[in-house]
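Overview (structure and organization)
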Amino acid sequence: MTENSTGYRLAIDVGGTFIDYVLLDERDGSFVIEKHPARAATLARQVLEGLDRLPVSAAAMDQLIHGTTVAINTVIQESGARVGIITTRGFEDTLELGRGNRPYMYDLVYVPPEPLVPRHLRRGVRERSDPLGNEVKPLNLEDLDEQVGYLLDHGVEAIAICFLHSYASGAHERAAGERIRQRYLDGPSAGNADGPSAGNADGPSAGNAGEPSAGNAGVPVSLSHEVVTEWPEFERTSTTVLNAFIRPTFDHYVRELREGLVQAGYVHPIAIMQSNGGVMPAEAAADFPIRTLESGPAGGVIGAQALSRELGVRNVICGDVGGTSFDVALIEDGAILEANDTMVAERPILGPTLDIVSIGAGGGSIGWVDQHGMMKVGPRSAGAYPGPACFGLGGTEPTVTDCHLHLGRLNPTSFLGARMKIDVDLAREAIESRLCRPTGLTLDQAADGVLTIAETNMTYAIRTVTIERGLDPREFALLTYGGGGGLFAAGIAAELEIPEVIVPFAPANFSAWGLLMADYREDASQTKVAHLTLESTDELRQDLQELAGGAKATVQGYGMGPDALTVDYRADLRYLGQEHTVTIDIPGEWVAEMPVEGLFESIRQRFTQVHRQLYGHGDAAAEMEVVTRRSRVLGQTRHARMPEATQRPPTRPREVRDVFFRILSGSPDSVRPTEGGYVPTAIYQREQISAGQQIEGPAIVEEWTSTTVVPPGFQASVDSMGNLRLQNIMASTERRLPRAGRSPGTRWGLVLEQ
């Protein structure tokens, strides 16, 4: 904090149903949480309206960090700009041909998604570079002028320039971008939105941190070598097109948000969460919105890593249950698992990202019956408007929230701290009309069926990041958050035999709290294929340091001092003759201090070790290739801490009410399959539970933004940091559940009589 600082930092996380706020006062570590409904059509306005709920005005805040879903929603809904492509002549069909394979082996009628750019808007020009970046054929400016003119005449709103091998040399793309800017679109850069840089109120704009952006606020131009400097032509083209597709929408959102904040008196930077878990200035995000696709869920994963470190828990499954989706990520041995590419709406995207798997299962997910009479849940969501039927805002379709309410798990009189009244009769009417009548099920069966399906989908998502990768979920803790995390956590843990569940304080706002833990981050990569030898190892060292130098300059341009920077290195390697690569970490001290002979041997050993871990075999003596070099620079910010729990005498239940559970007994020796039923259940107010107090299931723990279910077979307690810890008694016993005794779709684990 500086002498003129107020000490207030605000994190805003936009979800599919609500906008979450965490206002931190750094002077004493206290924080205020708030929620406001999210409406996609007027999202920036909704964000600004929610500020009025806070006890401090925008003018009094020192920093604002924002996690946004604008980019990913634009891709999923295909609601972005009309894009035109300028590419090397003869490669106009790269976007449509793709890999030429069938991604789903046994789906014989698979139809890939239509390209976002129709064929007549994919235009080729004469130019060529070789894979080493040497010019083979100069850029023909007459071709360029003609094709850009054609695109503008046909109403394109954004242009993507993707020349062959531009990852090796971006000279032709830069020349084309400059030509377009000067000849057709002479005006301010799309990255130079009004307002100070997100890194320093008096510093340079993030749009000027590197080379000037081509294009303007009307028709921005995305250059593929600026978006991603890696070699797969189809994936690089797809990523650049998506960046152009999102850019006008994202830029408009950032401008509207910035203008509203300035009017409210906020004059400091806006930092946007990236998919890689770091933050970047809002102006830079407007130029490269493709980096924000996982902006929303990334905050929760960063927060989960920080919290698990405090708790000394090394292996964690992160589960975020929001209004529209369930997002799952993995922390193994304290490190978040990351990826260098991802798929969104079946479209490939290159770039570093936290390895997050998302499915359409959340509180607003709609239960429905298909043409075969089978009950399904999601991926459609009711959102905040009209929302679940019980909200009374016009929704008529039953949602996961409606089913929880009917089964007694939600309190209709204290939802969102009694700020919002929910109607159980409207929930039952929706379940009855849309689910019971078509299937012949009772209300209880239909509601429990919806929750069982949603929960099963969530367990499958967790299996994809654990069991399918050779990891045992029983060796992990489940850290669950989001408004619906506590409602599903125990059921997921029982199904996967996870021994412990951690529900942080104010879980509905946990992703926003995680934003306060994020650092500024810049990733730099370069594809450069080379046989791994002593000579190329020395060149690899130089390349890594050069990439780090550029990334450092970018982060320092955000206002970060050199003492706040840390550097990490990685590289993609493969055995000679292989197609695919494996990414390995290269410690900074190896690059800075190790002799070339030691660095060469250490890289070979590290690659062999990782290859054996992934595939079960590896040969340290085999010839290897380095494909892509990677450097990461972090600009460390001030991190928030969860407050410690207040010591108080043990509390008694606030009330007892009947709640539906499928399993009516939690003893490992007595649990039997059952149709389920209602049992008297103790209801606790979370803020009143003392640290160390033991609560036996069945119980429900309520707080104003969330509810946690403690079913039979679980014990709950609050630790010294205020986290709710659920122990899975059945998973903790030495007697493991026999595989033959598991009933598909059963919500709680079952032990058959021996």
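See the structure shown above.
Quick caveat, the model's predicted, so the values are computed rather than measured. (Residues numbered from 1 in each chain as written. Predicted model: local features only at pLDDT ≥ 70, side-chain atom pairs only at ≥ 80, totals over all residues. Heavy atoms only, no water.)

**Observations concerning the environment of Asn276**
Along the polypeptide, Asn276 turns up in the loop between strand E11 (270-273) and strand E12 (279-281). Residue class for Asn276 comes out buried when judged on its relative accessible area of 5%. In this structure Asn276 touches Pro352, Thr353, Leu354, Arg521 and Asp523, once residues within four positions along its chain are discounted. A distance of 2.7 Å separates polar atoms of two side chains, one belonging to Asn276 and the other to Asp523. (Helix = DSSP H or I, 4+ residues; strand = E, 2+ residues; numbered from the N terminus. Buried < 20%, exposed > 50% of the residue type's maximum accessible area, 1.4 Å probe, protein only. Contact = heavy atoms within 4.5 Å. Polar contact = N/O pair within 3.5 Å; in protein donor to acceptor, adjacent residues only side chain to side chain.)

**Focus on the sheet that holds strand E28 (residues 677-685)**
As summarised here, the arrangement of the four strands in space is E27-E28-E30-E31, forming an open sheet in which the pairing is mixed. Here the strands that pair on one side only, and so sit at the sheet edges, are strand E27 (655-661) and strand E31 (706-710). Mean inter-strand twist for the sheet, computed between neighbouring axes without regard to direction, equals 35°. Taken together, the four bridges between E28 and strand E30 (residues 699-703) define a ladder with parallel strand orientation. Along E30, the bridge assignment pairs Gln685 with Glu702. (Pairing = 2+ DSSP bridges. Axes fitted to C-alpha atoms, helices over the stretch in contact; angles between N-to-C directions.)

**Focus: unusual backbone geometry**
Here the bond from Gly378 into Pro379 is cis, since omega is 0°, no more than 30 degrees from zero. Checked against the element boundaries, Pro379 lands in strand E20 (residues 375-381). Cis geometry marks the peptide bond from Tyr385 to Pro386, where omega comes out at 0°. Mapped onto the elements of the fold, Pro386 is located in the loop between E20 and helix H10 (400-406). A positive phi angle, close to 50°, is found at Glu78, a residue other than glycine. On the secondary structure map, Glu78 appears in the loop between helix H2 (70-77) and strand E5 (83-88).

**Here's the deal with the side chain of Ser238**
Note on placement: Ser238 falls in helix H7 (residues 233-263). Look at Ser238 and you get buried, because its relative accessible area is 5%.

**So, the pairing of strand E25 (residues 582-586)**
Alternating positions in E25 separate cleanly, Val582, Ile584 and Ile586 being buried on one face and Thr583 and Asp585 remaining unburied on the opposite face. Across five bridges, the pairing between strand E24 (residues 565-575) and E25 is antiparallel. The partner of Leu573 across the bridge, within E25, is Val582. Connecting the antiparallel pair E24 and E25 is a turn made up of six residues, with Gly577 showing a positive phi of about 100°.

**Describing the packing of aromatic side chains**
The relation between two aromatic rings is expressed through the spacing of the ring centres and the mutual angle of the planes. Across all of its chains, the model carries seven aromatic pairs by this definition. Aromatic pair Phe510 and Trp513: ring centres 5.4 Å apart, planes at 25°, arrangement stacked. A residue pair is termed a helical-turn pair when its members lie 3 or 4 positions apart in one helix, as Phe510 and Trp513 do in helix H14 (residues 510-515) at three residues. Accessibility assignment for this pair places Phe510 and Trp513 in one class, buried. On the numbers, 5.8 Å between centres and 45° between planes, the contact of Tyr520 with Tyr558 is tilted. Of this pair, Tyr520 sits in strand E23 (residues 520-531) while Tyr558 sits in the loop between helix H15 (534-557) and E24; the two residues are 38 residues apart in sequence, bridging distant segments of the chain. Exposure class is identical for Tyr520 and Tyr558. Each is buried. A connected cluster of aromatic rings, assembled from ring pairs, spans Tyr481, Phe510 and Trp513. Here Arg39 stacks its cationic end above the ring of Tyr385, 3.6 Å away from the centre of that ring. The ring of Tyr150 carries Arg123 above its face, with NZ or CZ at 3.9 Å from the centroid. (Phe/Tyr/Trp six-rings, centres within 6.5 Å; stacked < 30°, edge-to-face > 60°. Lys NZ or Arg CZ within 6 Å of the ring centre and 35° of its normal.)

**Some points on helix H17 (residues 596-615)**
The end-to-end C-alpha distance of H17, which contains 20 residues, comes to 28 Å, matching closely the 28 Å that a straight helix rising 1.5 Å per residue would cover. When we look at burial in H17, the residues that qualify are Leu599, Phe600, Ser602, Ile603, Arg604, Phe607, Thr608, Val610 and His611. Buried residues in H17 make contact with H15, E24, E25, helix H16 (588-593) and strand E26 (624-635). Count one or two residues on from H17 and you reach Gly616, which has phi positive near 85°. (Expected span 1.5 Å × (residues − 1).)

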